[in-house]
Amino acid sequence: MTQAPTPTADSLRRLVRTLLKESSQDRAGTAAGPDVRPVAEGGEHSTWWVGTRHVLRLAPDREASARQRREVRLRDLLRPHVPIAVPASVAHGEWAPGLTYTLDTRITGGTTGGHDVSAVGEDDLAGLLTGLRAVPARQAEALGVPRTAPRSLEALRRMAVHAAERLGKADEFDPARMHQLTPPAAAQLAAQPGTAVLVHHDLKAEHLVVSADGRVRGVLDWTDAAVGDPAEDIAGLALAVGSPAAVRAATLAGYGARPCLRGLWLARCDCVIRLADRLEGRDDSPLPLLRSQLRHAWEAILLERVTELREDCQGTGDDGIPAP
């Protein structure tokens, strides 16, 4: 199989020159074409700033290209439902045989690593979760969005317990904290039938565009979107903005105690497992990021007391805490 070419600033500048009408803003003061420079955060895509107004994302392989083609269609479906900006492509096509690109308009703002989400920003996140619930799942699946089965929280709990013991030996985490999630509690927090919605499925800090005033202005990278467990997006928000903010946003979006607590514990188990893997050389994520996610996920919330959750979640008190 022919190896894909390695993109360079010069080769991408030539590509972009065919896509954009050159202006002083796009050229960034050069006669050779728009300024093209790599973005430090880019996930699996090779991501580049183009001048001050655009972002170029290159899919590295054919599987990623298929997801990127689907993403372009999905973003059009999302816009009428989601009150937060979704990237818009000014051009898309192939940058190498079988490998796709999108040239998107840049959404102004930073990431949650640079700006804290305000109370109004939590309203923005609530609007995002509400909008995703409103997207017709059948229409998303017709575009090729996959349907994913919910993860077993009990299986994840067992893995996290072992990972926590390893973190304890490294003086990174108190393994006793994992005892808060008992096997009966994990069973109570199993995903319920008929609750699948469209989920972003990768709501991490680098995909949330936040302005200096704490508003959430946009959500990036919809290539991993799926029809599945809404607790996955609550978990992603817990890692990105902290558990209290994530649960408040989910509650504003109409989610009850069960999915909020399920999302909280998915996040807690995930971050414990990933940090242990990183310390043992099985994950290459930056250590400061993983430690930040650990702190965010283990922030205390009002829903910590898990007792009995009825099927309709009506066993909760006015404060949202499960009644004894």
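Residues numbered from 1 in each chain as written. Predicted model: local features only at pLDDT ≥ 70, side-chain atom pairs only at ≥ 80, totals over all residues. Heavy atoms only, no water.

**Looking at the overall build of the chain**
Put simply, the rule reads: Secondary structure elements follow DSSP: runs of H or I of four or more residues count as helices, runs of E of two or more count as strands, with numbering from the N terminus. Whether a residue is buried, partly exposed or exposed follows from its accessible area with a 1.4 Å probe, protein chains only, as a fraction of its type maximum: under 20%, in between, or over 50%, in that order. What makes two residues a contact is simply this: any of their non-hydrogen atoms within 4.5 Å. Note on areas: Shrake-Rupley with a 1.4 Å probe; residue coverage comes only from the protein chains shown.
Helix and strand content of the chain: 11 helices and 10 strands. By the burial criterion, 50% of the 324 residues in the chain qualify as buried. Residue pairs in contact within the chain that sit at least 24 positions apart in sequence constitute 70% of those at least 6 positions apart. With an accessible surface of roughly 15,200 Å², the chain has 52% of that area assigned to carbon and sulfur atoms.

**Focus on the packing of helix 8 (residues 231-241) against helix 9 (residues 243-252)**
Short version of the rule: Between N-to-C directions, angles cover 0 to 180 degrees, with each direction set by a line fitted to C-alpha atoms, over the stretch in contact for helices. Orientation labels follow simple angle bins: below 35 degrees gives roughly parallel, above 145 gives roughly antiparallel, 65 to 115 gives roughly perpendicular, and whatever is left gives oblique. For any helix crossing, the convention is left-handed if the near helix is rotated counterclockwise from the far helix by under a right angle, and right-handed if that rotation is clockwise. Under the convention adopted here, Pro, Cys and the residues Ala, Val, Leu, Ile, Met, Phe, Trp and Tyr are nonpolar, Asp, Glu, Lys and Arg are charged, and Gly plus all remaining residues are polar.
With their axes 7 Å apart at the nearest point, helix 8 and helix 9 run at an angle of 140° to one another. One way to sum up the angle between helix 8 and helix 9 is to call them oblique. The two elements helix 8 and helix 9 cross, and the hand of that crossing is right-handed. Mapping the contact onto sequence places Ile234, Leu237, Ala238 and Val241 in helix 8 and Ser243, Ala245, Ala246 and Ala250 in helix 9. A per-class count over the contact of helix 8 with helix 9 returns seven nonpolar, one polar and no charged.

**Some points on the nonpolar core**
Quick reminder of the rule: By convention a nonpolar core is built from buried Ala, Val, Leu, Ile, Met, Phe, Trp, Tyr and Cys residues, the set being connected through side-chain atoms within 4.5 Å.
Leu78, Leu198, Leu208, Trp222, Val272 and Trp298 are the most contacted members of the largest nonpolar core, which has 72 residues in total. Among the elements that take part in this core, helix 10 (residues 257-279) stands out by supplying 12 residues, more than any other. Setting aside its immediate chain neighbours within four residues, Trp222 contacts Glu71, Leu74, Arg75, Leu78, Val86, Pro87, Leu128, Leu132 and His200. Counting 15 residues, the second-largest nonpolar core is a separate cluster that includes Val16, Leu20, Trp48 and Leu99.

**Examining the sheet that holds strand 2 (residues 46-50)**
Just so we agree on the cut-off: What makes two strands pair is DSSP finding at least two bridges between them.
Pairing within the open sheet is antiparallel, and its five strands lie in the order 1-2-3-5-4. In the strand order of this sheet, the two ends are held by strand 1 (36-38) and strand 4 (89-96), each with one partner. Averaged over all pairs of adjacent strands, the angle between their axes in this sheet comes to 25°, without regard to strand direction. The strands touched by helix 1 (residues 9-17) are strand 1, strand 2, strand 3 (54-58), strand 4 and strand 5 (99-105); relative to strand 3, the strand with the most contacts, the crossing angle is about 115°. Against the sheet, helix 3 (residues 62-78) contacts strand 3, strand 4 and strand 5, and its axis sits at roughly 35° relative to strand 5.

**Some points on the environment of Val210**
Summarising the element assignment, Val210 is placed in strand 8 (residues 208-210). With relative accessibility at 0%, the residue Val210 sits in the buried group. Between the C-alpha atom of Val210 and that of Thr108, which follows or precedes it by 102 residues, the distance is 8.3 Å.

**A look at helix 4 (residues 119-134)**
Counted only if it meets this: Given a helix with a known number of residues, its expected span is that number minus one, times 1.5 Å.
In this model, helix 4 (16 residues) spans 23 Å end to end at C-alpha, consistent with the 22 Å of a helix rising 1.5 Å per residue. Every buried residue belonging to helix 4 is among Gly121, Glu122, Asp124, Leu125, Ala126, Gly127, Leu128, Leu129, Gly131 and Leu132, and all of these are buried.

**With respect to the packing of aromatic side chains**
The condition is simple: Aromatic rings from Phe, Tyr and Trp, with only the six-membered ring used for Trp, were paired whenever their centres fell within 6.5 Å, and each pair was classed as stacked if the ring planes differed by under 30 degrees, edge-to-face if by over 60, and tilted otherwise. We count a charge as sitting over a ring when the NZ of a lysine or the CZ of an arginine lies within 6 Å of the ring centre and within 35 degrees of the ring normal.
Using the criterion set out here, one finds two aromatic pairs in the structure. For the pair Trp265 and Trp298, a centre-to-centre distance of 5.5 Å together with 90° between the ring planes defines the contact as edge-to-face. In this pair, Trp265 is assigned in helix 10 and Trp298 in the segment after helix 11 (287-297), connecting sequence segments 33 residues apart. One aromatic cluster is present, built from ring pairs that chain together Phe173, Trp265 and Trp298. Note that Arg106 overlies the ring of Trp49, its terminal NZ or CZ placed 3.7 Å from the centroid. Seen from the ring of Tyr255, Arg133 lies directly overhead, with NZ or CZ sitting 4.2 Å from the centre.

**Some thoughts on the pattern of salt bridges**
The test is simple: Should a side-chain nitrogen of Lys or Arg be within 4 Å of a carboxyl oxygen of Asp or Glu, the pair is scored as a salt bridge.
Going through the model one piece at a time under the given rule, you end up with 26 salt bridges. Across the pair Asp283 and Arg274 runs a salt bridge, and its minimum N-O distance is 3.5 Å. Since its relative accessible area comes to 18%, Asp283 is described here as buried. When salt bridges that share partners are traced, they join Arg57, Glu71, Arg75, Asp104 and Asp221 into one network.

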